[in-house]
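Residue-level structural notes
Read off the chains here:
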Amino acid sequence: MTAPVVPAELLRDQAQPARSLGVWGVRNYHTTLERRAISGGTMTGGYVAMVLAATVMATAGLLLNSSAAVVGSMCVAPFMGPSRAVCLGALFKNRRVFFGGLLKQFLGLLVIGSSVAALLTVVLRLYLPNIDITPEILLRAMPTPRDVVLSTLIAVSAGAAASLALVAQPSIVESPWGQVIDAVIGVEVAISLVPPAAVMGIGWALGTPEHSRNAFYLLLLNLAALDFVGSFTILAMRGVR
């Protein structure tokens, strides 16, 4: 795949000196934000491959009732970029980036994630015994009011962390440490997205539509919290002019 092309109208004048505006005293920092957003809203083969790997790992972990495997799937899931594209695309008023991020979230979670989880569950049930609902699945499929509140807190904190990774320490955004922070925060973002998407597919395959329905509601709640809080955090810190 080719690297995304940055539209000329998004780029700032790189000849301008850096400004001393608190956390914004970084040369061409808004250009950096825009480049990150454009990259996050661009569909690539690598993104699809990582979603497939994360979904297979999450599905196996949920069916095995292994919290460690579920956590491992979060380390693989590439959902930091699309969430960032939605947040920054909205704030920069760039429809292409905004809808590109939304499309990546929709395809990655509802199309690829849930479909692969359903197909994998059907195949495993044909050849393996005891493929059934586990406590790890029920945790995402039948949320009590307590589960909804706590899941919302996780999604809200992940949305804030994803934005703070960009705006709280702008001096290291382009450094190798900035990429490490991205990876760590990406795991936090995936916590609230990958398991519910996989449970949707598992519910379809096992003939329990109520589990799929509840997991879908939980996924929508988490996405809304991630995207809205992420946008609000950047706007509150006056990162967009």
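Every value quoted in this text rests on a predicted model; they were computed, and no experiment measured them.

Between helix α5 (residues 95–127) and helix α9 (residues 194–205), the shortest axis-to-axis distance is 7 Å and the interhelical angle comes to 45 degrees. Relative to α9, α5 is oriented oblique. Note that α5 runs across α9; the crossing there is right-handed. Where α5 approaches α9, its residues L109, L110, G113, S114, A117, A118, T121, V122 and R125 are matched on the opposing element by A197, A198, M200, G201, I202, W204 and A205.

A grouping of L119, V122, V123, L126, Y127 and L128 is seen on the molecular surface, where their side chains present a nonpolar patch of about 650 Å² in accessible area. Tracing the backbone through its elements, the reader meets L126 in helix α5. Its relative accessible area of 64% is what places L126 among the exposed residues.

Another point: the side chain of T121. Looking at the secondary structure, you find T121 in helix α5. Within the local environment of T121, its side chain forms a polar contact with the backbone oxygen of A117, the two atoms lying 2.7 Å apart. Not counting the four nearest positions on each side in its chain, T121 is found in contact with T59, L63, I131, I202, A205 and L206.

A few words now on the packing of aromatic side chains. This structure, assessed with the given rule, holds three aromatic pairs. Between F216 and Y217, the ring centres sit 6.2 Å apart and the planes meet at 50 degrees, which makes this aromatic pair tilted. Relative accessible area serves as the criterion here: at 28%, F216 is assigned to the partly exposed category. Taking NZ or CZ as reference, K104 lies 4.4 Å from the ring centre of Y47, over its face.

Reading the values: rules and limits
Per chain, residue numbering runs from 1 following the sequence as it is written. Reporting in this predicted model follows two pLDDT cut-offs: at least 70 for local features of residues, and 80 or more for side-chain atom pairs to be given and counted; totals over whole chains, interfaces and linings ignore these cut-offs and use all residues. Computation of side-chain values: all heavy atoms of the structure, hydrogens and water removed. Convention adopted: a line fitted to C-alpha atoms gives each axis, helices being fitted over their contacting stretch, and angles between N-to-C directions are expressed from 0 to 180 degrees. Numbering of helices and strands starts at the N terminus; helices are DSSP runs of H or I of at least 4 residues and strands are runs of E of at least 2. Angles below 35 degrees are treated as roughly parallel, those above 145 as roughly antiparallel, those between 65 and 115 as roughly perpendicular, and all remaining angles as oblique. Crossings are classed by handedness, with left-handed meaning an anticlockwise turn of the near helix from the far one by less than a right angle and right-handed meaning a clockwise turn. Here, two residues are considered to be in contact whenever any of their heavy atoms come within 4.5 Å of each other. Residues enter patches when their relative accessible area tops 30% and they take part in no salt bridge; the joining distance is 9 Å for like charges and 5 Å for the nonpolar side chains Val, Leu, Ile, Met, Phe, Trp and Tyr. Where accessible areas are quoted, they stem from the Shrake-Rupley method and a 1.4 Å probe; at the residue level, only the protein chains shown are allowed to cover. Salt bridges are counted wherever a side-chain nitrogen of Lys or Arg sits within 4 Å of a carboxyl oxygen of Asp or Glu. A simple rule labels every residue: compare its accessible area, found with a 1.4 Å probe on the protein chains alone, to the largest value its type can have, and call it buried under 20%, exposed over 50%, or partly exposed in between. Definition of a polar contact: a pair of N or O atoms within 3.5 Å, with one able to donate and the other able to accept a hydrogen when the atoms are protein atoms, and with sequence-neighbouring residues admitted only if both atoms are side-chain atoms. Any two rings among Phe, Tyr and Trp, with Trp reduced to its six-membered ring, count as a pair given centres within 6.5 Å; such a pair is stacked if its planes are under 30 degrees apart, edge-to-face if over 60, and tilted if neither. Comment: the charge-over-ring label is applied if NZ (Lys) or CZ (Arg) is within 6 Å of the ring centre and within 35 degrees of the ring normal.

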